[in-house]
Amino acid sequence: MTTRPKPLFYETAKCVVLYMDVNVRLQLYCRCPLFRTVHRNQTLRIRDLNVRPDNFEIDGTIYRLGVITQYTDTPNPRSVVLDNAKGGIQEHVDIYGLPPRQTQDQAENMETDNTQMIRLRDSIARIEQDLEPGSSNNIERLNLILEAYNMRINNTPPPYRHYLQFTISTGKLVKIERVVYDKQFGIGKEYIDKMVFGNKKLQVEYLQIGGDKYLSNWGNRIGIQHGPPRHEPLFDNTPQTDSVKPLLSIRSLEVGVLKVTGILTNALHSLRPILSQTQLKELIAVSYKHTFPEDPIVNTAQFLRIANNTLISVLSNRPNHRIHIDTVSILNDNNLINLVNEWKKREIRVGTYYSMGEADHSIVDIFRRFRKIPGAKFGENEETSFFFQFLVLIILNCRLTELSECIIIPMGNDTELNVYCSVPDEEEKEYCSLEYIVKIKWQPRGYARANEDM
């Protein structure tokens, strides 16, 4: 005779949920009323949380909310099928699938819609002239938007309906829930956020904010908008701190590694009301117009990684003791001399360590510039070896007098700067993808052995 299983006591359940798969835990929370109190009051532990413009991902499971289009009497056009498959529209739209009108003035609305139609016709004409691969779908998509504006101007009912679709996908397993779209997109998004992140506290090992590609300095250095404007200020391509809201519906958040692929100041503003005081183990982000914000979250990160090509001047006044730049630009000799002089005034402590990834063709130029720093000398330290001289001779094809093992630069407070190069080891390859890594370390005076004067 089998016995009926007994429910866990509250204190036991509190322990069990801590080690439960986070996505299973969320499913139980949605379906089991008795489980909700335990879930809400116990820390939610997440290994990887990616918050993207069109979805968020928790430990490999993607949650996406979108508005999809379904034609009532005819099959969906191909471009609509493709857009629905990608998750649909990611913003609030009216019954025509267009951004809602912002005013009650009919004449102004008519003028705005007609202006949009002129722009659409111009875009269609340019695409038809270029005829690049995939242009037929783009032309069809723009023509459908053009028809939507025309229907709205003439107050004609559209031949389609919109549905609010919530998708949960893990690998090939996809679950879809769909309701008629009769409320604002933001209301639905807020409901999903609270359903998933309604806990008092979250612990996240790795948090990514933004898309999977970094915003490039080529555009953001002059404030260029990449792609269509984002209606969510957090993901805008320019600083929007005055309008950025706290991240999702999270109440309290502890993070190990934070990766921001867009504008860092926007992400920091979304985190500041909820982030714990525990310093980040690592912060990975791109600079904006070759600058980095002065912010406690940034300044206290144990390891700051700047994930784009930026000027070496970004290292000015940075309090972080470990910084890596993916690739660096040194504009001129005076630029570097001024930076080193600024470091001397700050009396940076021993153990501070900057590094940068470099290709072989730029190594010699960087070392020549450091050699021109007043007081710099050739030398070697315990972390350099004859292997590096051999590497220089064979791979870089330059004389030893052009590139020594180590350059020693006297600093303030009985310290010195050691500048040298190596091939990234297995640990360094995690953050340095280029052939070589240039290292700049603060050491006690005399740590490196000088070989000759400059």
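Preceding this section is the structure that the text describes.
As a starting point, this report considers the structure included with it. (Residues numbered from 1 in each chain as written. Predicted model: local features only at pLDDT ≥ 70, side-chain atom pairs only at ≥ 80, totals over all residues. Heavy atoms only, no water.)

## Quick notes on the overall build of the protein
Move 1: On a plain count of helices and strands, the protein comes out with 13 helices and 16 strands.
Move 2: Taking all 454 residues of the protein together, the buried fraction comes to 47%.
Move 3: Looking at the protein alone, contacts between residues at least 24 apart form 66% of all its contacts between residues at least 6 apart.
Move 4: About 24400 Å² of surface is accessible on the protein, with carbon and sulfur atoms providing 52% of the total. (Helix = DSSP H or I, 4+ residues; strand = E, 2+ residues; numbered from the N terminus. Buried < 20%, exposed > 50% of the residue type's maximum accessible area, 1.4 Å probe, protein only. Contact = heavy atoms within 4.5 Å. Areas by Shrake-Rupley, 256 points an atom, 1.4 Å probe, with all protein chains shown as cover.)

## Some thoughts on the environment of leucine 336
Move 1: Locating leucine 336 in the fold gives a position in helix 11 (residues 333–346).
Move 2: Taking the C-alpha atoms as reference, leucine 336 lies 7.8 Å from serine 313; in sequence the two are 23 residues apart.

## Quick notes on helix 5 (residues 106–130)
Move 1: The end-to-end C-alpha distance of helix 5, which contains 25 residues, comes to 36 Å, matching closely the 36 Å that a straight helix rising 1.5 Å per residue would cover.
Move 2: Those residues of helix 5 lying buried are Asn109, Asp113, Met117, Leu120 and Ile124.
Move 3: Turning to helix 5, the residues buried within the fold contact helix 6 (135–153).
Move 4: The N-capping residue of helix 5, defined by a side-chain oxygen 3.0 Å from the backbone nitrogen of alanine 107, is aspartate 105.
Move 5: Just beyond helix 5, the residue with positive phi is leucine 131, at close to 50 degrees. (Expected span 1.5 Å × (residues − 1). Polar contact = N/O pair within 3.5 Å; in protein donor to acceptor, adjacent residues only side chain to side chain.)

## Side note on the nonpolar core
Move 1: Ranked by internal contacts, the top residues of the largest apolar core, which has 85 residues, are Ile58, Phe197, Leu207, Leu247, Leu253, Trp343 and Ile409.
Move 2: For this core, the element with the most residues is helix 11, which contributes five residues.
Move 3: For leucine 207, the contacting residues outside a window of four places in its chain are Leu49, Val51, Leu247, Leu253, Val255, Val257, Leu258, Lys259 and Leu271.
Move 4: Of all hydrophobic cores here, the second largest spans 16 residues; its members include Tyr96, Met117, Ile139 and Tyr149. (Core = buried A, V, L, I, M, F, W, Y, C linked by side-chain atoms within 4.5 Å.)

## A look at the packing of helix 4 (residues 78–85) against helix 6
Move 1: Look at helix 4 against helix 6: their axes get within 8 Å of each other, and the N-to-C directions meet at 95 degrees. Between helix 4 and helix 6, the angle is such that the two are roughly perpendicular. Contacts between helix 4 and helix 6 involve Arg78, Ser79, Val80, Leu82 and Asp83 from the first element and Asn137, Glu140, Arg141 and Leu144 from the second.
Move 2: Considering only residue class, the contact of helix 4 with helix 6 consists of three nonpolar, two polar and four charged. (Axes fitted to C-alpha atoms, helices over the stretch in contact; angles between N-to-C directions. Parallel < 35°, antiparallel > 145°, perpendicular 65-115°, else oblique. Nonpolar A, V, L, I, M, F, W, Y, C, P; charged D, E, K, R; others polar.)

## Some points on the pairing of strand 5 (residues 173–180)
Successive side chains on a regular strand alternate, one facing one side of the sheet and the next facing the other.
Move 1: Judged from the eight bridges that link them, strand 4 (residues 160–170) and strand 5 form a sheet pairing that is antiparallel. Of the residues in strand 5, the one forming a bridge with phenylalanine 166 is glutamate 177.
Move 2: Hairpin connection from strand 4 to strand 5: two residues lie between these consecutive antiparallel strands, with glycine 171 at a positive phi of about 65 degrees. (Pairing = 2+ DSSP bridges.)

## Thoughts on helix 7 (residues 185–196)
Move 1: Its twelve residues give helix 7 an end-to-end C-alpha distance of 17 Å, which sits within 8% of 16 Å, the value for a rise of 1.5 Å per residue.
Move 2: The inward-facing, buried residues of helix 7 contact helix 2 (22–31), strand 1 (44–51), strand 2 (56–58), strand 3 (61–71) and strand 4.

## Considerations on the side chain of serine 79
Move 1: Looking at where serine 79 falls in the secondary structure, it is placed in helix 4.
Move 2: You can call serine 79 buried: its relative accessible area is 1%.
Move 3: Residues within four places of serine 79 in sequence aside, it is in contact with Asn137, Glu140, Arg141 and Leu144.

## Let's talk about the packing of aromatic side chains
Move 1: As enumerated under the stated definition, the model contains eight aromatic pairs in all.
Move 2: One aromatic cluster is present, formed by Phe56, Tyr63, Phe166 and Phe197 through successive ring pairs.
Move 3: Here the guanidinium or amino end of arginine 322 rests over the ring plane of tyrosine 353, the centre of that ring lying 3.8 Å away.
Move 4: Between lysine 441 and the ring centre of tyrosine 353, over which it is positioned, the NZ or CZ distance is 4.4 Å. (Phe/Tyr/Trp six-rings, centres within 6.5 Å; stacked < 30°, edge-to-face > 60°. Lys NZ or Arg CZ within 6 Å of the ring centre and 35° of its normal.)

## Things to note about unusual backbone geometry
Move 1: Positive phi, normally seen in glycine, also occurs at histidine 290, with a value near 65 degrees.
Move 2: With respect to the helices, strands and loops of the structure, histidine 290 is situated in the loop between strand 8 (282–285) and helix 10 (296–299).
Move 3: Exposure remark for histidine 290: the relative accessible area of 23% places this residue in the partly exposed category.

## Some details on the pattern of salt bridges
Move 1: For the structure shown, the criterion picks out 24 salt bridges.
Move 2: Residues aspartate 94 and arginine 152 are paired through a salt bridge, measuring 2.6 Å at the closest nitrogen-oxygen approach. Pair noted here: aspartate 94 is in the loop between helix 4 and helix 5 and arginine 152 is in helix 6, with a separation of 58 residues, a long-range link.
Move 3: The partner of glutamate 177 in a salt bridge is lysine 175, with the nearest N and O atoms 3.6 Å apart.
Move 4: Put simply, Asp94, Arg101, Asp113 and Arg152 are held in one network by salt bridges that share partners. (Salt bridge = Lys/Arg side-chain N within 4 Å of Asp/Glu carboxyl O.)

## Section: the environment of phenylalanine 35
Move 1: Its location among the elements puts phenylalanine 35 in the loop between helix 2 and helix 3 (36–41).
Move 2: Note: C-alpha distance between phenylalanine 35 and valine 17 (18 residues apart in sequence) is 9.6 Å.
Move 3: With residues up to four places along the chain from it excluded, the contact list for phenylalanine 35 reads Val17, Met20, Arg25, Leu28 and Tyr29.

## Section: the packing of helix 5 against helix 6
Move 1: It is at 10 Å that the axes of helix 5 and helix 6 come closest, and there the two elements cross at 160 degrees. Taken as axis vectors, helix 5 and helix 6 run roughly antiparallel relative to one another. The way helix 5 lies across helix 6 gives a crossing that is left-handed. For the pair helix 5 and helix 6, contact is made by Met110, Asp113, Asn114, Gln116, Met117, Leu120, Arg121, Ser123, Ile124, Ile127 and Glu128 and by Ser135, Asn138, Ile139, Leu142, Asn143, Ile145, Leu146, Tyr149, Asn150, Arg152 and Ile153, respectively.
Move 2: Residue composition of the contact of helix 5 with helix 6, grouped by class: eleven nonpolar, seven polar and four charged. (Left-handed = near helix turned anticlockwise from the far one by under 90°.)

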